Amino acid sequence: MSNQINTRIAISNERFLALNGYALGQELINPAILQIRGQNLEKKRAVYETLTPGQKSLFAFWIIYGHTQSGWLRFFWEGLYVGGYEQFLPMIKTELAHSNAQKLLTNVTEAEKNTQNLS
């Protein structure tokens, strides 16, 4: 993998209009996902900082969607606190607020509170 961070998306208007839902989200955030998968926290943060505001919101949603398949508490406990990803929680909450995902933001906040009660 190159040390160059490139999260710029090249997509034609026709392709953009033809995609929807999950497929469009994948097209727009996948370059960032490919650059962070298996990388350390420093590299993940560096890639995040290069994203556009829209990509940051998609990235936050992707983190939650991709990592809560086994439940909220497991996501928070294993991923954020044990895994050292707690520095990303404020970013996730900010991007959820920016994308007006209030119910999801409420769920994240509640899960965070419940996880803190476990420690």
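Residues numbered from 1 in each chain as written. Predicted model: local features only at pLDDT ≥ 70, side-chain atom pairs only at ≥ 80, totals over all residues. Heavy atoms only, no water.

**Student:** Is there a simple way to explain the packing of helix α2 (residues 21-36) against helix α3 (residues 41-49) in this structure?
**Tutor:** A packed helix pair is summarised by two numbers, namely the angle formed by the two axes and the spacing between the axes. Interaxial distance between α2 and α3 falls to 9 Å at its minimum, and their mutual angle equals 160°. The orientation of α2 with respect to α3, classified from their angle, is roughly antiparallel. In this structure, α2 crosses over α3, and the sense of that crossing is right-handed. Side by side, α2 and α3 meet where Ala32, Gln35 and Ile36 of the first sit next to Lys43, Lys44 and Val47 of the second. Broken down by class, the residue content of the contact of α2 with α3 amounts to three nonpolar, one polar and two charged. (Axes fitted to C-alpha atoms, helices over the stretch in contact; angles between N-to-C directions. Helix = DSSP H or I, 4+ residues; strand = E, 2+ residues; numbered from the N terminus. Parallel < 35°, antiparallel > 145°, perpendicular 65-115°, else oblique. Left-handed = near helix turned anticlockwise from the far one by under 90°. Contact = heavy atoms within 4.5 Å. Nonpolar A, V, L, I, M, F, W, Y, C, P; charged D, E, K, R; others polar.)

**Student:** Sorry if this is basic, but what is going on with the pattern of salt bridges here?
**Tutor:** Any two side chains of opposite charge can pair, so long as their charged atoms come close to each other. With the rule as written, the count across this model stands at three salt bridges. Linking Glu27 and Arg15 is a salt bridge whose minimum nitrogen-to-oxygen distance equals 2.9 Å. Placement of the pair is Glu27 in helix α2 and Arg15 in helix α1 (residues 13-18), with a sequence separation of 12 residues. Owing to a relative accessible area of 41%, Arg15 belongs among the partly exposed residues under this scheme. Note that Glu49 is salt-bridged to Arg45, the shortest N-O span being 3.7 Å. Linking Glu49 with Arg45, this pair stays in helix α3, spanning four residues, or about one helical turn. Residue classification places Arg45 among the partly exposed residues on the basis of a relative accessible area of 25%. (Salt bridge = Lys/Arg side-chain N within 4 Å of Asp/Glu carboxyl O. Buried < 20%, exposed > 50% of the residue type's maximum accessible area, 1.4 Å probe, protein only.)

**Student:** Can you walk me through the environment of Phe16 in this structure?
**Tutor:** The topology assignment puts Phe16 in helix α1. By relative accessible area, which is 35% here, Phe16 ends up partly exposed. In this structure, the C-alpha to C-alpha distance between Phe16 and Leu28, residues 12 residues apart in sequence, is 9.3 Å.

**Student:** Would you take a moment to explain a nonpolar patch on the surface for this structure?
**Tutor:** A cluster of nonpolar side chains, namely Tyr22, Phe61 and Tyr65, defines an oily patch on the protein surface of about 340 Å² accessible area. Tracing the backbone shows Phe61 in helix α4 (residues 53-67). (Patch = residues over 30% accessible without salt bridge, like charges linked within 9 Å, V, L, I, M, F, W, Y side chains within 5 Å. Areas by Shrake-Rupley, 256 points an atom, 1.4 Å probe, with all protein chains shown as cover.)

**Student:** Explain α2 here, please?
**Tutor:** Helical geometry note: an α-helix holds 3.6 residues per turn, so side chains three or four residues apart project in the same direction. Taking 1.5 Å per residue, 16 residues should reach 22 Å; α2 reaches 22 Å between its end C-alpha atoms and fits that length. Of all the bends in α2, the largest measures some 55° and sits at Ile29, one to four residues before the proline Pro31. Every buried residue of α2 is accounted for by Leu24, Gly25, Leu28, Ile29, Ala32, Ile33, Gln35 and Ile36. At its buried positions, α2 is contacted by α1, α3 and α4. Where α2 ends, the next residue or the one after it, Gly38, has phi of about 80°, a positive value. (Expected span 1.5 Å × (residues − 1). Bend = angle between axes of the 7 residues up to and from the residue.)

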